[in-house]
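Observations on the model geometry
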Amino acid sequence: MTVRTRFAPSPTGDVHIWSLRTALYCYLWSHHNNGKFILRIEDTDQTRLVEGSIERIIEVLTRMGVSPDEGPQHDGGYGPYIQSHRLPIYAERLHKLVEEGSAYYCFCTSERLDALRTEQEELKLPPRYDGHCRHVPLEEACERIAKWEKYTIRLKVPKWEKILFNDAIRGRIEFNSSETDDCVLMKSDGIPTYHGAVVIDDHLMEITHVMRGEEWISSIPKQVLTARALGITLPEYAHMPNILGADGKKLSKRTGDTSAEIYLEKGYLPDALLNFIALLGWHPKSDQEILTMEELIEKFDIHDIHKAGAVFDPIKLDWMNGEYIKVLSTEELHTKLSIYLHKYENEFFTTVYSKAEWSTNEKILNELKGRMKRFNEYRELTKFFYGAAQIRPDLLVNPKMKIETLEDARASLELGRTVLARTDFSSLDTIKEPIIAAISEAGKKNWQVLWPIRVALSGEEFSPGAFELAYILGKEKSIERIDRILAKLS
Ligand code: GLU
């Protein structure tokens, strides 16, 4: 058996983090089994369509490195892969269900259905169809259809039947058919409902495993009964836990960004984001947290997906992204950062980053590699390298650093300046050694001199250390910045 998984989003706008997780798990499980990963677009609810969504879905999957093997762009012989292009396929099968007696034509108008719902609401009864057209003889129904009466197709749900279902994650789930009404499989416009289409498509596309959010569990009875009516076997299902926000509820805009694209926009590396998402609801048997795509594919098992909801922890995501950045070579980091800046911070990229000398960028990247968590921090973290530094005498006095007065600071700056003026700037070490020697000769503590130099060079309360700053800025700029703050002091 070839394992075939499918990611079946509705094209309704953003690709959410939980959708990306579904796509990733489908990708991992199919690749783990040398199978196929299918993208199917579920656009039967035409009222919710958002233009451009299909392109966005494909773009996100491609950028994240989880491209489908089959889908709207790659026909693997099971197409079309967009449900609205498959209408004759559904029509044929759903009308056949009516002929066979497991579904029926329903002529109830929306006015009648609305009135029924209102009545049920008033009586505090669950809203459900009352089976009004269930017993209309087929012959009579066909005559009404021939006279252009509008109709839908409804599934004939048996009364009081126990439905057993086995979920790969949750095990045995039991339903009673009485909880389900005669649901619509095909709407009056000839478009199937989600339930009508999904079972047929999973069957025709030979899907072996369905992974989807736990909110779909409630649709299981309908799908089991529809499959039985169609005479087909359902794939294996794994209903995945919700991704939770810090408040313990399903992640929502209130507790975090939900759109996958926003995370790319913030400068998370696709590999890191995937790694992070993979662990929202699954974990390898070991404690390993950083996993390459190959390792994820090797270790992932649909049966090990957790039952309990997984909390989306942005601090962990930052940490993980930082770990991915740390191990990049400077050239790789430069390439990825350039692509990011070009796309999201174009003006900074064209007027600043791409204009700077490679040796400057290289030094900055080396310095930031161990600290930068996301690419959208780059500009802020480097503003005093590419642009002017603020002159902040107010930061100079710092009792913790044993700098009690501006006079102390000035003496330290002058010492530093004198040494730097005759220092060789060709490496961090050649800068470090003479300064450290001079500080000890003057009987001072390192930070008494390094703090004011750092303040002079960066103009910030927090920044890389004095040596790193001097090395990146070069001799001329370093001296100039010390002189500027000294001038302010006199
Ligand atoms: N089209 C559904 C969605 O938008 C997917 C349901 C399923 O995977 O069966 O989430």
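A short tour of the structure in this document, coming up. Every chain is numbered independently, its residues counted from 1 as its sequence is written. Totals for whole chains, interfaces and linings use all residues, but because this is a predicted model, local features are given only for residues with pLDDT of at least 70 and pairs of side-chain atoms are given and counted only at 80 or more. With hydrogens and water set aside, each side-chain value is computed from the structure's full complement of heavy atoms.

Brief notes about the overall build of the protein
Summing up its helical and strand segments, the protein has 20 helices and 11 strands in all. To get the radius of gyration, use the C-alpha atoms; to get the globule rule, take the number of residues to the power 0.38 and multiply by 2.2 Å. Taken over the C-alpha trace, the protein has a radius of gyration of 32 Å; the compact-globule value for 490 residues is 23 Å, which it surpasses by more than 25%. Considering only C-alpha atoms, the protein reaches an extent of 105 × 50 × 40 Å along its principal axes. Any residue under 20% of the maximum accessible area for its type is buried, any over 50% is exposed, and the rest in between are partly exposed; the area is computed with a 1.4 Å probe on protein chains only. The buried share of the protein, taken over its 490 residues, is 48%. Here the analysis covers contacts within the protein between residues at least 6 apart in sequence; of these, 74% occur between residues at least 24 apart. Of the roughly 23,500 Å² of accessible surface on the protein, 52% is carried by carbon and sulfur atoms. Here a helix means four or more residues in a row that DSSP labels H or I, a strand means two or more in a row labelled E, and each is numbered from the N terminus. For this analysis, residues touch if any pair of their heavy atoms sits within 4.5 Å. Accessibility throughout is a Shrake-Rupley quantity obtained with a 1.4 Å probe, and a residue counts as covered only by protein chains that appear here.

Overview of the packing of helix α14 (residues 358-368) against helix α20 (residues 466-489)
With their axes 9 Å apart at the nearest point, α14 and α20 run at an angle of 160° to one another. When the interaxial angle is binned, α14 and α20 end up roughly antiparallel. Here α14 runs over α20; the crossing is left-handed. Counting all contacts with α14, which are made through K363, I364 and E367, the residues of α20 involved are E468, Y471 and I472. Among the residues forming the contact of α14 with α20, the class breakdown is three nonpolar, no polar and three charged. An axis is simply a line fitted to the C-alpha atoms; with a helix, the fit covers only the stretch in contact. Between two such axes, the angle follows the N-to-C directions and lies from 0 to 180 degrees. Each angle gets one of four labels, with under 35 degrees taken as roughly parallel, over 145 as roughly antiparallel, 65 to 115 as roughly perpendicular, and the rest as oblique. The handedness criterion is simple: a crossing whose near helix is rotated anticlockwise from the far helix by less than a right angle is left-handed, and one whose near helix is rotated clockwise is right-handed. Each residue gets one label: Ala, Val, Leu, Ile, Met, Phe, Trp, Tyr, Cys and Pro are nonpolar, Asp, Glu, Lys and Arg are charged, and the others, such as Gly, are polar.

Description of the sheet that holds strand β3 (residues 103-106)
Within a sheet, each strand pairs with its neighbour through backbone hydrogen bonds, oriented either parallel or antiparallel. Taking strand neighbours across the sheet as the criterion, the three strands line up as β3-β4-β7 in an open arrangement whose pairing is antiparallel. Only two strands of the sheet have a single partner each, and these edge strands are β3 and β7 (184-186). If you compare each strand with its neighbour and ignore which way they point, the axes differ by 40° on average. For two strands to be treated as a pair, DSSP must find at least two bridges joining them.

Remarks on the packing of helix α9 (residues 270-278) against helix α11 (residues 314-326)
Closest axis-to-axis distance for the α9/α11 pair is 9 Å, and the angle between their directions is 135°. As summarised for this structure, α9 and α11 are arranged oblique, according to the angle between their axes. Our pair here, α9 against α11, has a crossing hand that is right-handed. In this structure, α9 uses D271, A272, L273, N275 and F276 to contact α11, whose residues at the interface are K316, L317, M320, N321 and Y324.

Thoughts on the packing of aromatic side chains
Any aromatic ring pair is given by two values, namely how distant the centres are and how the planes are angled relative to each other. Paired rings are identified among Phe, Tyr and Trp, the last through its six-membered ring, by centres lying within 6.5 Å, and are further divided according to the angle between planes into stacked (under 30 degrees), edge-to-face (over 60) and tilted (the rest). Under the defined criterion, the tally for this structure stands at 19 aromatic pairs. Aromatic side chains W282 and F300 sit 5.4 Å apart centroid to centroid with 50° between the ring planes, which places their arrangement in the tilted category. With W282 in the loop between α9 and α10 (293-299) and F300 in the loop between α10 and β11 (310-311), this pair connects stretches of sequence that are 18 residues apart. Looking at W282, the relative accessible area reads 0%, which means it is buried. F300 gets classed as buried once you look at its relative accessible area, which sits at 0%. Among the aromatic residues, those joined into a cluster by ring pairs are F348, F349, Y353, Y378 and Y386. Whether a charge sits over a ring comes down to the Lys NZ or Arg CZ being within 6 Å of the ring centre and within 35 degrees of the ring normal. Sitting over the face of the ring of W18, K250 holds its NZ or CZ atom 4.5 Å from the ring centroid. The cationic tip of K363 hangs over the ring face of Y471; the distance from NZ or CZ to the ring centre is 4.6 Å.

Concerning the nonpolar core
Residues belong to a common nonpolar core when they are buried Ala, Val, Leu, Ile, Met, Phe, Trp, Tyr or Cys residues joined through side-chain atoms within 4.5 Å. The biggest cluster of nonpolar side chains holds 102 residues, and the ones touching the most others in it are Y25, M211, F312, Y378 and L413. When residues of this core are assigned to their parent elements, the largest contribution, 11 residues, is made by α20. Ignoring sequence-local partners within four residues, the contact set of L413 consists of L396, P452, I453, A456, I482, I485, L486 and L489. Of all hydrophobic cores here, the second largest spans 39 residues; its members include L116, I153, I217 and L225.

Side note on the side chain of D201
Following the sequence through the fold, D201 ends up in helix α6 (residues 194-204). Judged by its relative accessible area of 0%, D201 falls in the buried class. Ignoring sequence-local partners within four residues, the contact set of D201 consists of R40, Q83, R86 and Y90.

Considering the side chain of N398
Residue placement: N398 occurs in the loop between α16 (383-386) and α17 (406-421). Under the relative-accessibility criterion, N398 is labelled buried at 14%. Sequence-distant contacts of N398, that is, excluding residues within four places in its chain, are made with I403 and W451.

Section: the pattern of salt bridges
Salt-bridge detection follows one rule: a side-chain nitrogen of Lys or Arg within 4 Å of a carboxyl oxygen of Asp or Glu. Under the definition given, this model contains 35 salt bridges. A salt bridge links E59 to R63, with the nearest nitrogen and oxygen atoms 3.8 Å apart. Of the two residues, E59 and R63 are both situated in helix α2 (residues 53-63); the distance of four residues between them amounts to about one turn of the helix. Residue class for E59 comes out partly exposed when judged on its relative accessible area of 39%. Accessibility expressed as a relative area gives 31% for R63, which makes it partly exposed. Here the residues in one salt-bridge network are R6, R40, E42, R86, D201 and D202, joined through shared partners.

Here we look at the site of the ligand
When at least one non-hydrogen atom of a residue lies within 4 Å of a molecule or strand, that residue is treated as near it. Around the ligand lies a shell formed by R6, A8, S10, E42, Y194, V198, R212 and W216. In the environment of the ligand, an oxygen atom lies 2.9 Å from a nitrogen or oxygen atom belonging to the side chain of R212. In isolation the ligand has 300 Å² of accessible area, and contact with the protein removes 82% of it. Looking at side-chain class alone, the shell around the ligand contains four nonpolar, one polar and three charged residues. By the criterion applied in these results, polar contacts are pairs of N or O atoms within 3.5 Å in which, for protein atoms, one can donate a hydrogen and the other can accept it, and in which residues neighboring in sequence qualify only through two side-chain atoms.

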